[in-house]
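A look at the structure
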Amino acid sequence: QVQLVESGGGLVQAGGSLRLSCAASKSAFSISTMGWYRQAPGKQRGLVASISSGGTTNYAYSVKGRFTISRDNAKNTVYLQMNSLKPEDTAVYYCNVQYSFGTSFWGQGTQVTVSS
């Protein structure tokens, strides 16, 4: 059973920075795409950023230029560096890891709160 452990959320003032991490347990299968999603109260969960096994990245328009996604394949870990945070970035952030056999898994979620 794959387990994902997220860390790095918290409370920060507008303009501040946070770095999220998500580590996946070891598996006999390779990881393809890794990503971060977020869900604010009363809203649907949506993609924030993703990164392919080859390093191709994709960002939601609202975070382009402020957030950076990266991964360490040796550690099965994906990161999300969040700079210039805004109150509208407040949400629960979830990592998602897709495996080569086609199944994806979700992290437990970490709260990010940006105060104005």
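Residues numbered from 1 in each chain as written. Predicted model: local features only at pLDDT ≥ 70, side-chain atom pairs only at ≥ 80, totals over all residues. Heavy atoms only, no water.

Before going further, it helps to examine the overall build of the chain. Across its full length, the chain holds zero helices and eleven strands. Ordered by position from N to C terminus, the α and β elements of the chain give β-β-β-β-β-β-β-β-β-β-β. Whereas a compact globule of 116 residues would reach a radius of gyration of roughly 13 Å, the chain reaches 14 Å, a difference of no more than 12%. By principal-axis analysis of the C-alpha atoms, the chain measures approximately 45 × 25 × 25 Å. Relative to its full complement of 116 residues, the chain shows a buried share of 41%. Accessible surface for the chain amounts to roughly 6100 Å². Of this, 48% is attributable to carbon and sulfur atoms. Put simply, the chain has 10 plus and 4 minus side-chain charges, and the middle of one group is 4 Å from the middle of the other. (Helix = DSSP H or I, 4+ residues; strand = E, 2+ residues; numbered from the N terminus. Rg over C-alpha atoms; globule rule 2.2 N^0.38 Å. Buried < 20%, exposed > 50% of the residue type's maximum accessible area, 1.4 Å probe, protein only. Areas by Shrake-Rupley, 256 points an atom, 1.4 Å probe, with all protein chains shown as cover. Lys, Arg positive; Asp, Glu negative; His and termini not counted. Charge placed at Lys NZ, Arg CZ, Asp CG, Glu CD.)

Moving on to the packing of aromatic side chains. Using the criterion set out here, one finds four aromatic pairs in the structure. With a centroid separation of 4.6 Å and an interplanar angle of 70°, the aromatic rings of F29 and F101 are classed as edge-to-face. Within this pair, whereas F29 is found in the loop between β3 (18-24) and β4 (31-39), its partner F101 is found in the loop between β9 (91-99) and β10 (104-106), the two being separated by 72 residues in sequence. The partly exposed category is assigned to F29, whose relative accessible area is 46%. Taking the centre distance of 5.7 Å and the plane angle of 25° together, the rings of Y99 and F101 count as stacked. Accessibility expressed as a relative area gives 3% for Y99, which makes it buried. A relative accessible area of 39% means that F101 is categorised as partly exposed. Taken together, the ring pairs in this structure connect F29, Y99, F101 and F105 into an aromatic cluster. It is R45 that lies over the ring of Y94; its NZ or CZ is 3.7 Å from the centre. Geometry around W106 places R45 over its ring, the cationic atom sitting 4.6 Å from the centre. (Phe/Tyr/Trp six-rings, centres within 6.5 Å; stacked < 30°, edge-to-face > 60°. Lys NZ or Arg CZ within 6 Å of the ring centre and 35° of its normal.)

Moving on: the pattern of salt bridges. By the definition in use, this model includes two salt bridges. Taking the shortest distance from any N to any O, the salt bridge between D89 and R38 comes out at 3.0 Å. Note that D89 is positioned in the loop between β8 (77-82) and β9 and R38 in strand β4, a separation of 51 residues in sequence. On the basis of relative accessibility, which here comes to 1%, the residue D89 falls in the buried class. Members of the salt-bridge network, linked through shared partners, are R38, R66 and D89. (Salt bridge = Lys/Arg side-chain N within 4 Å of Asp/Glu carboxyl O.)

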